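Here is how the chains run, residue by residue.
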Amino acid sequence: MKKKTVRNLRAEELRGKRALVRVDFNVPLDDKGQVTDDTRIRASLRTIELLLDRGARVVLLSHLGRPKGKPDPKYSLEPVGRRLQKLIPKKHVCFVESTDTDEAVKSTHDKTCDVVLLENTRFLGGEESNDPRLARGLAELGDVYVNDAFGSAHRAHASTEGIAHHLRPAVAGLLMEVELDYLGQALTDPKRPFIAVLGGAKISGKIDVIENMLPKVDRMVIGGAMACTFFRAMGVETGKSLVELDRVEMARELLKRGKEKLVLPTDAVVAPALEQSNAAHEVARNAIPANEAMFDIGRRSEQAFAEIISAARTVVWNGPMGVFETPPFDHGTQAVAQALAVATDRGATTIVGGGDSAAAVARLGLDARMSHVSTGGGASLEFLEGKTLPGVAALDDRGT
Ligand code: ADP
Ligand code: MG
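Residues numbered from 1 in each chain as written. Chains lettered and ligands numbered in written order. Predicted model: local features only at pLDDT ≥ 70, side-chain atom pairs only at ≥ 80, totals over all residues. Heavy atoms only, no water.

A. How the structure looks around the site of ligand 1. Residues in close proximity to ligand 1 total 17 residues, the closest being Ala201, Lys206, Glu325, Asp356 and Ser357. Ala225 is positioned such that a nitrogen or oxygen atom in its backbone is 3.3 Å from a nitrogen atom of ligand 1. One of the backbone N or O atoms of Gly355 is found 3.3 Å from an oxygen atom in ligand 1. About the coverage of ligand 1: the protein hides 81% of its 580 Å² of free accessible area. (Near = heavy atom within 4 Å. Polar contact = N/O pair within 3.5 Å; in protein donor to acceptor, adjacent residues only side chain to side chain. Areas by Shrake-Rupley, 256 points an atom, 1.4 Å probe, with all protein chains shown as cover.)

This is the structure in structure tokens:
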């Protein structure tokens, strides 16, 4: 069921009203408390600007880090407020330090503020336990509720889920809408061929993704250390590679079920240890030395994967092909990212989910060449697993 979005709200639902927006401003701070990457702040600007343009005042809720349900200056959103003010210099941003509900409510009625940023929601006991009393209190902070925090939508917290039971309309922001459209379209009605590219360290973290996507895709390409667990299931020696022995049986079962849909690397880049990257060399997958480990896919695999990607009309990529943090083991990840970029140019829909994969794409400067890079690592993973995200389920359905 499609969800209502800010664009479906009527003029009178916004003019002069307080739009309470749950954003994901969980940004990295350095030890001086400066924002080191404002991508997540900028990602919600379109929603904030749309609401301001339509005459609403905007009240923002977000979490930052993992404070334990009580104020901790290390996790204050104050520096985030300063950065937000720089990004929208023509508007007045007010930061409210107090976590007292009455004071917070009062600040939302202050007409001198275009945007009110409230302090970290995780300073409030009851946020993470989704306490209904807190949810009801938070609902007093606005006249409409907008959830633009896709990255937090897989958690049923008071500010992401509970609140929507007390404040309506409850709609998706523009960032949330884009995320749901791309991921939703890929899973329900993809242009074909539809290819999944999966990688990363552990098969155990991705098993539900494999299970959910295998019946939907035309091919599933597997790289990363995950491939080694499949190798083991095929009876291939994997040396010191990362293998999850308790998942070998499951990998065997998937190989049987996936048949020719599953595409595994045919060669590997190996080394005695990660720290010995200067000793890296390529071997066929059935020739991994006993005292070495696979840290990347080999060139023949890169080519084969790129060829499959180049014929795709929809690609979902989750998980790097190797230890991309340590060159030269970033080569396979680079090749896949490049292949996706070329596929995008050709008109394919390319979607990157997963925190490390998104970071890899950003580091290569290729984000703009993907159709969509998800802002939510954990949330996109749960979405691809076919799970309902509680923060999304709580929003109003769009009538037909
Ligand atoms: P994402 O965040 O995109 O979902 P994951 O968290 O599942 O990705 O996996 C990323 C991690 O997998 C990276 O830290 C990377 O170093 C690791 N990895 C990939 N391939 C290998 C490998 N062959 N051996 C060890 N670790 C690997
Ligand atoms: Mg990760």
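B. Local environment of the domain arrangement of the protein chain. We note that the domain assignment places domain 1 (6-175) and domain 2 (190-384) within the protein chain. Look at where the C-alpha atoms of domain 1 and domain 2 centre, and you get two points 36 Å apart. Summed over both partners, the interface of domain 1 with domain 2 buries about 560 Å², with 68% contributed by carbon and sulfur atoms. When residues of domain 1 are sorted by the area they lose upon contact with domain 2, Phe150, His154 and Leu175 head the list and together hold 75% of the total. Of the residues in the side of domain 1 that touches domain 2, the class split is two nonpolar, two polar and one charged. (Domains from an automatic or database assignment. Buried area = accessible area lost by both parts, 1.4 Å probe. Nonpolar A, V, L, I, M, F, W, Y, C, P; charged D, E, K, R; others polar.)

C. Here's a closer look at helix 4 (residues 78-87). Here helix 4 has its buried residues at Pro79, Val80, Gly81 and Leu84. The inward-facing, buried residues of helix 4 abut helix 2 (39-43), helix 3 (45-53), strand 2 (57-61), strand 3 (93-96) and strand 4 (115-118). (Buried < 20%, exposed > 50% of the residue type's maximum accessible area, 1.4 Å probe, protein only. Helix = DSSP H or I, 4+ residues; strand = E, 2+ residues; numbered from the N terminus. Contact = heavy atoms within 4.5 Å.)

D. Focus on unusual backbone geometry. Each neighbour pair has its own omega, and for Arg168 with Pro169 the value is 0°, a cis peptide bond. As for its placement among the helices and strands, Pro169 is situated in the loop between strand 5 (144-147) and strand 6 (170-172). For the peptide bond that leads from Arg192 to Pro193, omega is 0°, which places it in the cis range. Tracing the backbone shows Pro193 in the loop between helix 7 (174-188) and strand 7 (194-198). In the Ramachandran plot, Asn130 falls in the positive-phi region, its phi being about 55° despite a non-glycine side chain.

E. Representation of a positive patch on the surface in the model. Residues Arg66, Lys68, Lys70 and Arg155 make up a contiguous surface patch of positive charge. Looking at the secondary structure, you find Arg66 in the loop between strand 2 and helix 4. (Patch = residues over 30% accessible without salt bridge, like charges linked within 9 Å, V, L, I, M, F, W, Y side chains within 5 Å. Salt bridge = Lys/Arg side-chain N within 4 Å of Asp/Glu carboxyl O. Lys, Arg positive; Asp, Glu negative; His and termini not counted. Charge placed at Lys NZ, Arg CZ, Asp CG, Glu CD.)

F. Molecular detail of the sheet that holds strand 10 (residues 267-271). The strand order across the open sheet built from three strands is 11-10-12, with neighbouring strands paired in antiparallel fashion. The open sheet terminates on both sides in strands that have one partner only, identified here as strand 11 (281-284) and strand 12 (293-297). Neighbour to neighbour, the strand axes of the sheet diverge by 45° on average, direction disregarded. Here strand 10 runs beside strand 12; their pairing, made up of four bridges, is antiparallel. Of the residues in strand 12, the one forming a bridge with Val269 is Asp296. (Pairing = 2+ DSSP bridges. Axes fitted to C-alpha atoms, helices over the stretch in contact; angles between N-to-C directions.)

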